[in-house]
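In case you want the letters, here they are:
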Amino acid sequence: MVAKWRKRWLPSLPLSLTVFCFWLLMNDEVSVGQVVLGLLLALTIPLFAARLDREFARIGRLRSVPRMFCVLALDIVRSNITVALQVLGPERNIHPGFIWVPLDIGNIHGIAALTSIITLTPGTVSSALSDDRRYLLVHVLNLDDADEVIRQIKTRYEAPLMEIFP
């Protein structure tokens, strides 16, 4: 009876503790009002979060993680230099555009990692995900060859992420 009550009113004790601690850390003072508000948030946020349709991460092979991080770090440095040269150069040489990247990866956590990687790389920003999760809209600062940009995203980032998030 007590376990059933606790699961209904306190579905995730770790989440409640995290919300409470972060609330107190974000405020300048620890007062009775802030503690009460933190407790209220710590009790209500997990109730709403429990109602969300959660898809848990499936982790596959992690052997491609170090290589992918090296590729990403190199791409970030290269892209920073390229974007700096483009921005400092003549504006007429910049041709921004949007492209739809077809996705083979189906795991939502892998898609989230892919969108983060694309946005981390200067000159590209993930803009939208289609409702069926099959296409990702990407804005490219200088879009000369859309097929090449799609090929690079798929080979450099999506393929390793498909191993990590099957």
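For the structure itself, consult the block above.
Residues numbered from 1 in each chain as written. Predicted model: local features only at pLDDT ≥ 70, side-chain atom pairs only at ≥ 80, totals over all residues. Heavy atoms only, no water.

How do you make sense of the overall build of the chain when you look at a structure like this?
Assigned secondary structure in the chain consists of six helices and three strands. Across the 166 residues of the chain, 32% fall into the buried class. Considering only contacts in the chain between residues 6 or more positions apart, those separated by 24 or more positions represent 73%. As displayed, the chain offers around 11,200 Å² of accessible surface, 66% of which is attributable to carbon and sulfur atoms. (Helix = DSSP H or I, 4+ residues; strand = E, 2+ residues; numbered from the N terminus. Buried < 20%, exposed > 50% of the residue type's maximum accessible area, 1.4 Å probe, protein only. Contact = heavy atoms within 4.5 Å. Areas by Shrake-Rupley, 256 points an atom, 1.4 Å probe, with all protein chains shown as cover.)

Can you help me understand the packing of helix α5 (residues 108–120) against helix α6 (residues 146–164) in this one?
The description of two packed helices rests on the angle between their axes and on the distance between the axes. Relative orientation of the contacting elements α5 and α6 amounts to 145°, with a least axis distance of 9 Å. Relative to α6, the crossing made by α5 is right-handed. Residue-level contacts link G110, A113, L114, I117 and I118 of α5 to I153, Y157, E158 and L161 of α6. Taken together, the residues of the contact of α5 with α6 break down into seven nonpolar, one polar and one charged. (Axes fitted to C-alpha atoms, helices over the stretch in contact; angles between N-to-C directions. Left-handed = near helix turned anticlockwise from the far one by under 90°. Nonpolar A, V, L, I, M, F, W, Y, C, P; charged D, E, K, R; others polar.)

In this structure, what is going on with the pairing of strand β1 (residues 97–102)? I would like to understand it.
Successive residues of a regular strand alternate their side chains across the two faces of the sheet. The alternating pattern of β1 places G97, I99 and V101 on a buried face and F98, W100 and P102 on a face that is not buried. Of the pairings in the sheet, the one linking β1 to strand β3 (residues 135–140) comprises six bridges and is antiparallel in character. Among the inter-strand pairings, V101 is bridged to a residue of β3, identified as L136. (Pairing = 2+ DSSP bridges.)

Would you mind showing me how to read the pairing of β3 here?
Sheet topology places strand β2 (residues 124–129) next to β3; five bridges connect them, and they run antiparallel. Looking at the pairing, V125 lines up with H139 of β3. Between β2 and β3, which pair antiparallel one after the other, the connecting turn spans five residues, and R133 there sits at a positive phi close to 60°.

Just to check I follow, could you spell out the packing of helix α4 (residues 65–88) against α6 for this structure?
Packing of α4 against α6 brings their axes to within 10 Å, and their N-to-C directions diverge by 155°. For the element pair α4 / α6, the angle class is roughly antiparallel. Remark: the crossing between α4 and α6 carries left-handed chirality. Contacts between α4 and α6 involve V65, M68, V71, L72, D75 and R78 from the first element and R156, Y157, P160, L161 and I164 from the second. Classifying every residue of the contact of α4 with α6 by side-chain character gives eight nonpolar, no polar and three charged. (Parallel < 35°, antiparallel > 145°, perpendicular 65-115°, else oblique.)

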